[in-house]
Amino acid sequence: MRVATFGYQTWGHKTLEALIESDHEVVLAVTHPPSEHSYESIWSDSVEELARANNIPVHLAQRPDSELIEQVKHAEPDIIVANNWRTWLPRELFDLPPHGTLNLHDSLLPKFTGFSPVIWALISGEKEVGLTAHRMDDDLDTGDVVVQRAVPIGPRDTATDLVRATIDIIPEVLIEALDLIESGEAVWKPQNLADRTFFHKRADIDSQINWNWPAEDIDRLVRAQSDPYPNAFTHFRGERIRITKASVSTGIYGGTPGRVFIHEGDGMVIVAGADAYRGKNHGLVVERLRTEDGVEHAGKDFFPRGGGYLT
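What you are looking at is a predicted structure, and each value in this text was computed from that prediction instead of being measured.

1. Points about the packing of aromatic side chains
Two descriptors summarise a pair of aromatic rings, namely the distance from one centre to the other and the angle between the planes of the rings.
Right, on to step 1. Per the stated rule, a full pass over the model turns up nine aromatic pairs.
Right, on to step 2. Relative to Tyr229, the ring of Trp43 lies with its centre 6.5 Å away and its plane at 50°, an arrangement referred to as tilted. One end of the pair, Trp43, is in the loop between strand E2 (25-31) and helix H2 (47-53); the other, Tyr229, is in the loop between helix H8 (215-224) and strand E10 (232-236), with 186 residues separating them in the sequence.
Right, on to step 3. For Trp43, a relative accessible area of 16% corresponds to the buried category.
Right, on to step 4. Note on Trp120 and Phe199: the rings are 5.1 Å apart at their centroids and 35° apart in plane angle, and the pair reads as tilted. With Trp120 in helix H5 (residues 117-124) and Phe199 in strand E9 (residues 198-199), this pair connects stretches of sequence that are 79 residues apart.

2. Regarding helix H3 (residues 66-75)
Every α-helical turn comprises 3.6 residues, leaving residues that sit three or four positions apart pointing alike.
Right, on to step 1. Three or more residues of H3 are buried, namely Leu68, Ile69, Val72 and Ala75. The buried residues of H3 occupy an angular sector of 125° when projected down its axis, which confines them to one face. Residues of H3 that are exposed and point over 90 degrees away from its buried face: Ser66 and His74.
Right, on to step 2. Each element contacted by the buried residues of H3 is listed here: strand E1 (2-7), E2, strand E3 (58-60), strand E4 (79-83) and helix H4 (91-94).
Right, on to step 3. At the N-terminal boundary of H3, the capping side chain belongs to Asp65, with an oxygen 3.2 Å from the backbone nitrogen of Glu67.
Right, on to step 4. Looking one or two residues past H3, Glu76 carries a phi angle of roughly 55°, positive in sign.

3. As for the UniProt feature "domain: Formyl transferase C-terminal" (unreviewed entry) in the chain
Right, on to step 1. Under the local residue numbering, the UniProt record ascribes the feature "domain: Formyl transferase C-terminal" (unreviewed entry) to residues 206-303.
Right, on to step 2. As a span, residues 206-303 carries 14% helix and 42% strand, and end to end its C-alpha atoms are 25 Å apart.

4. Quick notes on the pairing of strand E12 (residues 260-264)
Right, on to step 1. Bridge count for E12 against strand E13 (residues 267-270) is four bridges, and the pairing is antiparallel. Among the inter-strand pairings, Ile262 is bridged to a residue of E13, identified as Val269.
Right, on to step 2. Counted along the chain from E12 to the antiparallel partner E13, the turn is two residues long, and its residue Gly265 has a positive phi close to 60°.

5. Some points on the nonpolar core
Side chains of nonpolar character tend, in soluble globular proteins, to be buried together.
Right, on to step 1. Formed by 68 residues in total, the largest nonpolar core has its most connected members in Leu102 and Phe303.
Right, on to step 2. Excluding anything up to four places from it in sequence, Phe303 contacts Phe236, Ile241, Val260, His263, Met268, Val286, Leu289 and Leu310.
Right, on to step 3. The next biggest cluster of nonpolar side chains, apart from the first, holds 17 residues, and it includes Phe6, Leu68, Ala82 and Leu89.

6. A short note on the environment of Ile79
Right, on to step 1. Positionally, Ile79 belongs in strand E4.
Right, on to step 2. By relative accessible area, which is 0% here, Ile79 ends up buried.
Right, on to step 3. Residues Ile79 and Glu172, spaced 93 residues apart in sequence, show a C-alpha to C-alpha distance of 18 Å.
Right, on to step 4. Ignoring anything within four residues of it in the chain, the contact list for Ile79 reads Met1, Arg2, Val3, Ala4, Pro97, His99, Gly100, Leu102, Leu178 and Ile181.

7. Quick word on the sheet that holds E3
Right, on to step 1. The mixed open sheet is built from seven strands, whose spatial order is E3-E2-E1-E4-E5-E7-E8. A strand with exactly one partner marks an edge of an open sheet, and here the two such strands are E3 and strand E8 (145-152). The average angle at which neighbouring strand axes cross in this sheet is 15°, direction not considered.
Right, on to step 2. Sheet strands touched by helix H7 (residues 170-183): E4, strand E5 (101-105), strand E7 (128-135) and E8. Its angle to E8, the strand with the most contacts, is close to 160°.

8. Here we look at the pattern of salt bridges
Right, on to step 1. One pass over the structure, following the stated rule, counts 17 salt bridges.
Right, on to step 2. Note that Asp138 is salt-bridged to Arg91, the shortest N-O span being 2.7 Å. Of the two residues, Asp138 is situated in the loop between E7 and E8 and Arg91 in helix H4; the sequence distance between them amounts to 47 residues.
Right, on to step 3. With a relative accessible area of 39%, Arg91 lands in the partly exposed category.
Right, on to step 4. The salt bridge partner of Lys245 is Glu287, with a shortest N-O separation of 3.8 Å. Taken together, the positions of Lys245 in strand E11 (residues 239-252) and Glu287 in strand E14 (residues 282-291) put the pair 42 residues apart, joining distant regions of the chain.
Right, on to step 5. A residue is classified by how much of its surface remains accessible, and Lys245, at 47% relative accessible area, is partly exposed.

Calculation rules
Residues numbered from 1 in each chain as written. Predicted model: local features only at pLDDT ≥ 70, side-chain atom pairs only at ≥ 80, totals over all residues. Heavy atoms only, no water. Phe/Tyr/Trp six-rings, centres within 6.5 Å; stacked < 30°, edge-to-face > 60°. Helix = DSSP H or I, 4+ residues; strand = E, 2+ residues; numbered from the N terminus. Buried < 20%, exposed > 50% of the residue type's maximum accessible area, 1.4 Å probe, protein only. Arc of directions from axis to C-beta. Contact = heavy atoms within 4.5 Å. Polar contact = N/O pair within 3.5 Å; in protein donor to acceptor, adjacent residues only side chain to side chain. UniProt positions renumbered as here; feature names shortened; annotations may be inferred. Pairing = 2+ DSSP bridges. Core = buried A, V, L, I, M, F, W, Y, C linked by side-chain atoms within 4.5 Å. Axes fitted to C-alpha atoms, helices over the stretch in contact; angles between N-to-C directions. Salt bridge = Lys/Arg side-chain N within 4 Å of Asp/Glu carboxyl O.

If you want it as structure tokens, here you go:
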């Protein structure tokens, strides 16, 4: 089939790469200009560079306009494939090709519609993430599903591990979906929108640790903010520190949330949980941290003794 792509960052790059290596013909690559946003500068493989290296026409846009619609009409694609396109597309555009638009979204829709689905899924305690190929419609990530794959979340997985895993399955999900559509064998399954969850774009403040959370939740936040993402952070004696490695304590510790308490294993236990005063909670063991000067510290070294609070 003749394919036009709408994509950005590594997700769009991997999608375009899979199409170039397939039997399909890419007739246009649409992508966003580079961004300085902290989350959009991560996983920043360039769709534009890959397209130009393969002599594929490129159109740069933040949002669809009349010029873009004319470009797509001129390219005469059989289908549009979108992956990590960051703005809404009008029906005039997504319904333009004979087969409409196939969108790839890195969650198991209808759960985790919207932004940073892998990070939000890990934070919220889900058992799996995944990738969904679905038909684009008038709302965000709500169209009928044709192919879906799950990726289990391991007990110590980080967001970086899971993002790589979902990116790795883009080619198989995409090519299977296109083959089904081209052959006329696609079975489109409506989403149960009563189960839909919709998450906003993440900002730096969303990485700030709330010591009233249970230690298990904070541990997942730390793993969800693994390098190269902005790390989970807190403050100690006025200094911002980034927690890069942590775990849930073996022991049960009581007191006030955020208290720097006692060494356990290779780290320092921080009291956690809004009801920590009841003495029934595990703490968070801070094993590695990074100060604002970029220096890495072992938890035991940075906290040679208990005392004080993380805020």
